[in-house]
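A structural walkthrough
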Amino acid sequence: TGRFGRTGVAARLVAVGVIGPCAAWFVVGSRAAREQAARLESGPGEMARQEAARLAGQVSLRLEALRQSESRRPFEEYLSGSELLPGDCAWELAERSPLAEGPADPLIWTHFQIDDLGLLTLPTLGDEAGLIGRERGADPVEALQVAILDELECASADHIAALHRSPDGSPRGAAPASGGVIAVQPFSWHTVSVKGQAALVAIREIGIPSIVLTQGFVVLSEDLSRLLHGSLYPATIKPGRPSSAHEAAVAIHGDSWTVAVDSSLAAAKAAGEARRVRGSFYATFSFGSLAALRAGCAVVLLVRRTDRLARERARFAAAAAHELRTPLAGMQLFSEMLADGTGDPSRAGEYARRIADEAQRMGRLVTNMLGLARLERGEPTVHP
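First, a word on what this report is: a plain description of the structure on this page. Quantities reported herein were computed from a predicted structural model and do not represent experimental measurements.

On a plain count of helices and strands, the chain comes out with 6 helices and 11 strands. Here the chain holds 384 residues, and 35% of them are scored as buried. Taking the contacts inside the chain whose residues are at least 6 apart along the sequence as the reference set, 65% of them involve residues at least 24 apart. Per element, the accessible surface of the chain, about 22,400 Å² overall, is 58% carbon and sulfur.

This is the structure we're talking about:
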């Protein structure tokens, strides 16, 4: 302590004991806060990716089950009314098609068929009824079917027919069958525009002697959106391939559709929570560090005050000793003069008086020191 003093040593010890732990706390705590904030911020994105994959798988299973079930459906159920099969198979429906009452699956908007001349028909609407409905629109049900037929013809008939035709106009895929054999191809998915929105159309080709028929059914995007009910975040389904991490491809046969999940609201909330976590750590660190620094400063000030008090006591002791030496020297001088008979004998009384005065002065000094000692012990005596 000789080189720096007790105050300097205390200041260095406090610096090591406060700044070191605070620095370690800041490094470890800030890293933990950043990691927790990063987990909070990445949580909605990861959940959105998982949710998009789950919904895409759910939609894929539903559409594949629908495609498989419709692929097993006999092709003649797609014929409208008592439609004749041309060519070598001069055969007409023996009974009404089950599809005449409308689609049994709520996901299907309508079934349709396109012949080799490009004529589009619905199994729910016969040729004669369709003509009457177009002219009169008397029956509301038939009027609705006619409207569906018109929508399909205007929006997608050419596109649907072109999907299975080569540039030269010849059919692509199935070829006209021969020998009375009917070739039925499986359904495949394609995207068309229906009612001003993208829709999924499943198409298969039927190879009949001398002709090729195109049969299919339509699934509207609004019906597909119902499959996304119960999602954790707002979700949409759209044609095309995934273009971001929050999108997942719907695995269907023939075309590409995507489920997109919007986690922006959850991400904004998570970002706010992450800011709160970081702010809470910095606030706690600032308060704790300030409190530790103030405690360290208080210790240094206490040591400094104690050191100053010790120096003041040393100075007081030196001053008190000096004050005591003066009367003691006077008393010693005059008492020796009286004892040895030196000096003027006629002034012996004066010498005794001087001894008494010096003794009284020493008494006052001792009394003051005793009073100071009582004050330090907390025993002041007050006489108002």
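A separate point is the pattern of salt bridges. Taken as a whole, this structure holds 14 salt bridges when the rule is applied. Between R361 and E358 there is a salt bridge, with its nearest N and O atoms 4.0 Å apart. Taken together, the positions of R361 and E358, both in helix 6 (residues 348-376) and 3 residues apart, correspond to about one turn of that helix. Look at R361 and you get partly exposed, because its relative accessible area is 31%. Given a relative accessible area of 14%, E358 falls into the buried group.

Okay, the sheet that holds strand 9 (residues 235-239) next. Judged by pairing direction, the sheet is antiparallel, and its 3 strands sit side by side in the order 9-11-10 without closing on themselves. Here the strands that pair on one side only, and so sit at the sheet edges, are strand 9 and strand 10 (247-251). On average, each strand axis in the sheet is inclined to that of its neighbour by 30°, with strand direction left out of account. The sheet contact formed by strand 10 and strand 11 (residues 256-261) spans 5 bridges and is antiparallel. Bridge assignment links A248 to a residue of strand 11, and that residue is V259. Across the sheet, helix 1 (residues 5-71) is in contact with strand 9, strand 10 and strand 11; its angle to strand 10 comes to roughly 15°.

Here helix 1 crosses helix 5 (residues 264-340) at 175°, and the two axes come no closer than 9 Å. The angle between the axes of helix 1 and helix 5 places the two elements in the roughly antiparallel class. For the contact of helix 1 with helix 5, the per-class residue count stands at 26 nonpolar, 9 polar and 6 charged.

In this fold, A52 is placed in helix 1. Sequence separation of A52 and A249 is 197 residues, and the distance between their C-alpha atoms is 8.6 Å. Setting aside anything within four residues of it in sequence, one finds A52 in contact with H246, E247, A248, V259 and V261.

Moving on to a nonpolar patch on the surface. Together, F26, V27, V28 and Y282 line one region of the surface with nonpolar side chains, adding up to about 340 Å² of accessible area. With respect to the secondary-structure elements, V27 resides in helix 1. The class for V27 is partly exposed, based on a relative accessible area of 43%.

Applying the stated rule across the entire model yields 9 aromatic pairs. Relative to F217, the ring of F187 has its centre 5.2 Å away and its plane inclined at 65°; by these criteria the two rings are edge-to-face. With F187 in the loop between strand 5 (183-184) and strand 6 (188-194) and F217 in strand 8 (residues 211-220), this pair connects stretches of sequence that are 30 residues apart. Taking relative accessible area as the criterion, F217 reaches 0% and is therefore assigned buried. Note on W189 and F217: the rings are 5.5 Å apart at their centroids and 85° apart in plane angle, and the pair reads as edge-to-face. A residue pair is termed long-range when its members are at least 10 positions apart, and W189 in strand 6 and F217 in strand 8 qualify at 28 residues. These aromatic residues form a ring-pair network of at least three members: W25, F26, F281, Y282 and F285.

Moving on, we get to helix 6. Relative to the 42 Å expected for 29 residues at 1.5 Å per residue, helix 6 spans 42 Å between its end C-alpha atoms, a close match to the ideal helical length. Within the sequence span of helix 6, burial applies to Y351, I355, E358, M362, L365 and G371. Next to the buried residues of helix 6 lie helix 5. G378 sits one or two positions beyond helix 6 and adopts a positive phi of about 75°.

About the thresholds
Residues numbered from 1 in each chain as written. Predicted model: local features only at pLDDT ≥ 70, side-chain atom pairs only at ≥ 80, totals over all residues. Heavy atoms only, no water. Helix = DSSP H or I, 4+ residues; strand = E, 2+ residues; numbered from the N terminus. Buried < 20%, exposed > 50% of the residue type's maximum accessible area, 1.4 Å probe, protein only. Contact = heavy atoms within 4.5 Å. Areas by Shrake-Rupley, 256 points an atom, 1.4 Å probe, with all protein chains shown as cover. Salt bridge = Lys/Arg side-chain N within 4 Å of Asp/Glu carboxyl O. Pairing = 2+ DSSP bridges. Axes fitted to C-alpha atoms, helices over the stretch in contact; angles between N-to-C directions. Parallel < 35°, antiparallel > 145°, perpendicular 65-115°, else oblique. Nonpolar A, V, L, I, M, F, W, Y, C, P; charged D, E, K, R; others polar. Patch = residues over 30% accessible without salt bridge, like charges linked within 9 Å, V, L, I, M, F, W, Y side chains within 5 Å. Phe/Tyr/Trp six-rings, centres within 6.5 Å; stacked < 30°, edge-to-face > 60°. Expected span 1.5 Å × (residues − 1).

All quantities given are derived from atomic positions and should not be read as evidence of function.
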